[in-house]
Structures are given as structure tokens and as C-alpha cells.
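# Report on the structure
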Amino acid sequence: MNRFSHFSSSAAWAAVIMLVCAGALHAQPGPSISTSYDIYPYARLSNADTSGGNAYLDSAEIRSSSASITASYPVAFSEGRTMLTNEFTYKNVLLEYQGFRPTDTNPEHLHSVEYSATIMHQFSDRWSLLSIMTPGIASDFEGSLGRDDVTFQAVAVFIRAYSERLQVGYGAAWSNTFGQPFPLPVLAVQWNNGSNIRISSILPANLEAWYAPSQRLELGLQLSVDGNRYHGDPDIYAVNNPLVSYSVGTVGPALNYHLSEGTSVGLSAGRTFTRRFEFFDGGKDVQDVSLENSNFIKVQVQIGL
């Protein structure tokens, strides 16, 4: 991996955990399959070191896109007071390059496979517990798999219903997805006006506001951060234990059209506010690469079974 503004690693993996938490809070009540595709156009490096023989990096560009598919199956226990949701997700990130030297070795296909066990338990009318365990594998799948390909996330959030319209969750999360793992506080907020407006936030990584002009259509504004840490094949890259962390932050309008209960089509677009790569050799930070911000578009489909 070549040496290519700082968005902290801890913030990046915190965003991953909180987005997992967000998915659980908005999960559909029945089995479902969902798929999504997003694309970010070619963008130049915003912090390229063009000294020496690296002048070409001043015009080099990277484009990224990703496709994912998720299957979810919930199971109820204890007369409906406890819900276990089993979720399997596969995601492929494709990185494309322009203006680089033919001899440059850069990551192209990054894969992740995850299983999430989400338990929602209702203690009373006021209190409930959301707990999530997510083991996974994140790799370029070019070499043999090892412990550095394994990722793990855990979340525990106690949710207090202050009214029928307002819920606030207090908890903590842990992950080895980015850098040295350590606990992180989680604050989740959900509010609705009892009719056609709802707002949800998992601070500091996710904020959504939605307005429903009809039963089938929702119009919204979303701010979110996504990313993961991937292990590379040491035989390809010039380090002993290659790791790349990729994160992207976006903000923009969105819409959801509900075809039926649990089945919907979504479209979102807007602008990135961070596009960042970090390259590691094991626990040693080798280099940071930031891309200029760009527009993006994302399409997603969820089918209730």
C-alpha cells in the first residue's frame, strides 16, 4: 500500500457501531431481505505528498462504490417481551484508480461478511434493553484468513420511554473495527409528533429527520458516517500485516416509498463531508489519505417476506 485533515479512527469505528445500533432500532417486524448500492465519483487526493517522484499524485483520482445484501429473521420469546433478530450481511467495496503508476499496488475489492444477533427485551412499559453482538470478517480475500481478518462489535443500550413520542437510549459500545478497541458511550434518541414527522439520532454519528406526506411516501434528511477495517494479503502489499480503514461521511435528502408493509424502495443523495483512508502495518499507522469531497447517490430496496 503506497504512501498517499484528520478524521479520528475512534470516531470512525464508533460510527460503525452506532449505525449497527440504528439498524436495530428501525428493524422491520418480520423476515426481510434488503440490498443497496452507492457510488462516489472520482475525486482527487486532498493531502497528496507530491514531493520527489510523487508529482503524479497531484492529479491522481479514486472512485469508490459499494454493494450490500442483508437477510434478517426475527424470533419472538417470552410472550413477545423478548425479540431476537438474526441478521447476515455481505458487503463489497470497489475502489477504482486514475492517474496512478502501473507499478502502484492499491486495494481494489474489499469484502465484509457479518452476523448480528440483536436482542430487544422489554422490562416494563418504560424500560427496555437493546443488545447487539456482531462478529464478522473484513478482508480483500486474496490470502488465507487469520485473526486480523476478524472483526467484532458489541452494543448494550438501555432505552427509556419518556412518552409515546419520545424514547432515549443510554449505553455503551465496543469494537475492534478501527485501531485499539475501547468502550464508547452511546446516546440514542427517537421522537415523533404522533402523526407524520419523526426524528432519530445516534450521537455523534447518525441523524435522520423524516416527513410523511402520505402513508406510502417519506421525505427525509440524513447525516451518517460509515466504514470498516479490512485486512490485506501480505504477499501483495509491501508490509507484514496490511490493514486499511475506509470511512465516508455523507449528508443529504432522501426518500422512502413503501410498496407494502415491510417492503420499500429508498433513494438518497447529497454530499460527502469526509472521505478517508488509513493504512496500517499491524498496529503502526503507515499513512493517511483524504479525498476531496464529492456528490454521491444511493439506492436501496427492502423486501418483507
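Because the structure is predicted, anything quoted here is derived from the model rather than measured.

### Some words on the pairing of strand S12 (residues 242–260)
Across 15 bridges, strand S11 (residues 217–231) lies against S12 in antiparallel orientation. Residue pairing in the sheet places Tyr230 in a bridge with Val244 of S12. Direction of pairing for S12 relative to strand S13 (residues 263–281): antiparallel, over a ladder of 16 bridges. Pairing of Val244 across the sheet is with Phe279, part of S13.

### A few points about the pattern of salt bridges
Applying the stated criterion across every chain yields a total of five salt bridges. In this structure, the salt-bridge partner of Arg276 is Glu278, at a minimum N-O distance of 3.2 Å. In this pair, the class of Arg276 matches that of Glu278, namely buried. Residue Asp288 is joined to Arg276 by a salt bridge in which the shortest nitrogen-to-oxygen separation is 3.3 Å.

### Focus on the environment of Ser59
The topology assignment puts Ser59 in the loop between strand S1 (32–44) and strand S2 (61–77). Given the relative accessible area of 43%, Ser59 is considered partly exposed. Residues Ser59 and Arg44, 15 residues apart in the sequence, show an inter-C-alpha distance of 6.4 Å. If sequence neighbours within four positions are ignored, Ser59 has contacts with Arg44 and Gln98.

### Re the nonpolar core
Of all hydrophobic cores here, the largest spans 21 residues; its most connected members are Phe100, Phe277 and Leu291. Counting only elements with at least two residues in this core, the list comes to S1, strand S3 (82–98), S12 and S13. Considering each element in turn, this core owes the most residues, three residues, to S12. Counting residues in each nonpolar core, the second largest holds nine residues, with Leu130, Val157, Val186 and Ala188 among its members.

### Some details on the packing of aromatic side chains
The description of two aromatic rings rests on the distance between their centres and on the angle between their planes. Under the defined criterion, the tally for this structure stands at seven aromatic pairs. Seen in terms of ring centroids, Tyr56 and Phe100 are 6.5 Å apart; in terms of plane orientation they differ by 75°. Their pairing is edge-to-face. Separated by 44 residues along the polypeptide, Tyr56 in the loop between S1 and S2 and Phe100 in the loop between S3 and strand S4 (109–122) bring together distant segments of the chain. You can call Phe100 buried: its relative accessible area is 16%. Pairing Tyr97 with Phe100 gives two aromatic rings, centres 5.3 Å apart and planes at 85°, and the pair type is edge-to-face. An aromatic cluster is present here, built from Tyr56, Tyr97 and Phe100 joined pairwise through their rings. Lying across the ring of Tyr162, Arg160 places its NZ or CZ 4.8 Å from the centre.

What counts and what doesn't
- Residues numbered from 1 in each chain as written.
- Predicted model: local features only at pLDDT ≥ 70, side-chain atom pairs only at ≥ 80, totals over all residues.
- Heavy atoms only, no water.
- Pairing = 2+ DSSP bridges.
- Helix = DSSP H or I, 4+ residues; strand = E, 2+ residues; numbered from the N terminus.
- Salt bridge = Lys/Arg side-chain N within 4 Å of Asp/Glu carboxyl O.
- Buried < 20%, exposed > 50% of the residue type's maximum accessible area, 1.4 Å probe, protein only.
- Contact = heavy atoms within 4.5 Å.
- Core = buried A, V, L, I, M, F, W, Y, C linked by side-chain atoms within 4.5 Å.
- Phe/Tyr/Trp six-rings, centres within 6.5 Å; stacked < 30°, edge-to-face > 60°.
- Lys NZ or Arg CZ within 6 Å of the ring centre and 35° of its normal.

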